[in-house]
Amino acid sequence: MSSIFTRRNALFVFGTGAGAALLSACGGNSTAESSGSGSASSSDVSPSASSSSSSSSSSSASASSSSASASSSSESSSSQSGATDIDMSGSYGGKIDFESVLEYEKSGTYEPATKEHPAKNVPKPKKPAGADEKSLKGLHLSIAFAVAATQYAYNTGDYSLLEQSSMSEPERNYFLREEKERLDKTREGTYWPDNVTIDYTLTQESPQLEGDGKYKWDRKFIVEYGKFEVIDGKVEYQSDDDHEETYSEEFTGVLTAQYINGAWITSAVANQPKSKS
């Protein structure tokens, strides 16, 4: 298993795009950018196949396209209609204060991780009773819980709360595919980080409703990984030259939310999807 510091650009990222890495030590800051780009595959765009279509197949495709367009329009209208009965009143922009928004299950005195032992008795976030409300308040609570569940997973290795959260299945599967080995070792006590924290800000007062019935909300989050990690008893520092240097990453983007079957489903809530160029 590689160090969290040597593979940090891959964390909280799926798809193709960018994030900003922040290093800080002794009151000073330096910034490094990590980025990538992707291009459409032949299955995304196929001009040659399109130009070689016969008149007959073109007519058939046109009819099929019209039918699909009508069906899509109908589904969009239905989805849009379903979204209009959601109570989106209120203003929930700004930095999320997890301690005031969520309740935590506590057992014993919390002890932050040190180089000698992992974090002990980490407060466990509880899913709010109102998280599934068909309202902006419910969405805000869902976001807060999904982020808190992610932070809890990193510090304890227990990712069961993600199953209870609004995090979409594709995003959750990505997170576990990338981090399961590390999380399993954290649970076993053979690996632990320096108290990972996630600072989360919704940069709009409320989300915007799109034509497909989904809401989009601008957000920014900073993941701080700390100064060190312990792997199989060996302390690995962010910087070999300065053991007080901390490492964090900042991600700015848009989360997507939709109310489906009595609950909110969110995408890009605690992972950063990179945009195609």
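Only a predicted model underlies this, so the values are computations on that prediction, with no experimental measurement involved. (Residues numbered from 1 in each chain as written. Predicted model: local features only at pLDDT ≥ 70, side-chain atom pairs only at ≥ 80, totals over all residues. Heavy atoms only, no water.)

(A) Looking closely at the overall build of the chain. The secondary structure content of the chain amounts to six helices and 15 strands. Residues classed as buried in the chain amount to 40% of the 277 residues present. Restricting the contact set of the chain to residue pairs at least 6 apart, pairs at least 24 apart contribute 68%. Accessible surface computed for the chain: about 14,100 Å², of which carbon and sulfur atoms make up 45%. (Helix = DSSP H or I, 4+ residues; strand = E, 2+ residues; numbered from the N terminus. Buried < 20%, exposed > 50% of the residue type's maximum accessible area, 1.4 Å probe, protein only. Contact = heavy atoms within 4.5 Å. Areas by Shrake-Rupley, 256 points an atom, 1.4 Å probe, with all protein chains shown as cover.)

(B) Focus on the sheet that holds strand 11 (residues 228-231). Spatial strand order, 7-11-12: three strands in an open sheet with antiparallel pairing. Each edge of the open sheet is held by one strand with a lone partner, namely strand 7 (191-193) and strand 12 (234-237). The average angle at which neighbouring strand axes cross in this sheet is 20°, direction not considered. Sheet analysis places strand 11 next to strand 12, joined by four bridges and oriented antiparallel. (Pairing = 2+ DSSP bridges. Axes fitted to C-alpha atoms, helices over the stretch in contact; angles between N-to-C directions.)

(C) Main features of the layout of surface pockets. There is about 480 Å³ of room inside the largest pocket. Contributing to the lining of the largest pocket are 24 residues, with Glu-99, Tyr-104, Gln-151, Val-196 and Thr-197 lying nearest its centre. Listed by contribution, the elements that provide at least two residues to the lining of the largest pocket are helix 3 (98-101), helix 4 (136-156), strand 8 (197-202) and strand 10 (215-226). In terms of residue count, helix 4 provides more of the lining of the largest pocket than any other element does, five residues in total. (1 Å grid on protein atoms, 1.4 Å probe; cavity = no way out; pocket = protein on both sides within 12 Å on 5 of 7 lines; lining within 4 Å. Points joined across faces, edges and corners; volume = space filled by probe spheres on them.)

(D) Broad picture of helix 4. Here helix 4 spans 30 Å end to end across 21 residues, near enough to the 30 Å set by a 1.5 Å rise per residue. For helix 4, the buried fraction is high: 19 of the 21 residues fall into the buried class. Directly beyond the C-terminal end of helix 4, a positive phi value near 85° is found at Gly-157. (Expected span 1.5 Å × (residues − 1).)

(E) The environment of Ala-148, seen in detail. Residue placement: Ala-148 occurs in helix 4. Residue Ala-148 is classed as buried on the basis of its relative accessible area, which comes to 8%. When the C-alpha positions of Ala-148 and Asp-199 are compared, they lie 9.9 Å apart, and in sequence the two are 51 residues distant. Beyond its immediate sequence surroundings of up to four residues, Ala-148 is in contact with Phe-98, Leu-102, Tyr-104 and Pro-125.

(F) Highlighting the confidence of the model for the chain. When pLDDT is averaged along the chain, the result is 78, and 68% of the positions lie at 70 or above. Below a pLDDT of 50 lies the segment residues 7-81, which in the model reaches 106 contacts outside its immediate sequence neighbourhood of four places, other chains included. (pLDDT = per-residue confidence, 0-100.)

(G) Highlighting the environment of Leu-102. Here Leu-102 is to be found in the loop between helix 3 and strand 5 (103-105). The class for Leu-102 is buried, based on a relative accessible area of 5%. Expressed as a C-alpha distance, the spacing of Leu-102 and Phe-145, which sit 43 residues apart in the sequence, is 7.3 Å. Apart from the residues within four sequence positions on either side, Leu-102 is in contact with Pro-125, Lys-126, Pro-128, Leu-141, Ala-144, Phe-145 and Ala-148.

(H) How the structure looks around the pattern of salt bridges. Tallied over the full model, the rule gives eleven salt bridges. As a salt-bridge pair, Lys-126 and Glu-103 come within 3.8 Å of each other at their nearest N and O atoms. Taken together, the positions of Lys-126 in strand 6 (residues 124-126) and Glu-103 in strand 5 put the pair 23 residues apart, joining distant regions of the chain. Overall, Glu-103 belongs to the exposed group, its relative accessible area being 56%. (Salt bridge = Lys/Arg side-chain N within 4 Å of Asp/Glu carboxyl O.)

(I) The packing of aromatic side chains, seen in detail. One pass over the structure, following the stated rule, counts six aromatic pairs. Seen in terms of ring centroids, Tyr-200 and Phe-221 are 5.7 Å apart; in terms of plane orientation they differ by 5°. Their pairing is stacked. A residue pair is termed long-range when its members are at least 10 positions apart, and Tyr-200 in strand 8 and Phe-221 in strand 10 qualify at 21 residues. Across the pair, Phe-221 and Tyr-200 agree in class, each one buried. An angle of 65° between the planes, with centres 6.1 Å apart, marks the rings of Tyr-215 and Trp-264 as edge-to-face. Residue Tyr-215 is found in strand 10, and its partner Trp-264 is found in strand 14 (residues 263-267); the two are separated by 49 residues along the sequence. In this structure, Tyr-215 and Trp-264 share a single accessibility class: buried. Three or more aromatic residues joined by ring pairs make a cluster, and in this case those are Tyr-200, Phe-221 and Phe-251. (Phe/Tyr/Trp six-rings, centres within 6.5 Å; stacked < 30°, edge-to-face > 60°.)

(J) The environment of Tyr-259, seen in detail. Within the secondary structure, Tyr-259 is located in strand 13 (residues 246-260). Expressed as a C-alpha distance, the spacing of Tyr-259 and Glu-133, which sit 126 residues apart in the sequence, is 9.2 Å. A distance of 2.7 Å separates a polar atom in the side chain of Tyr-259 from the backbone oxygen of Asp-132. A polar atom in the side chain of Tyr-259 sits 3.3 Å from the backbone oxygen of Gly-262. (Polar contact = N/O pair within 3.5 Å; in protein donor to acceptor, adjacent residues only side chain to side chain.)

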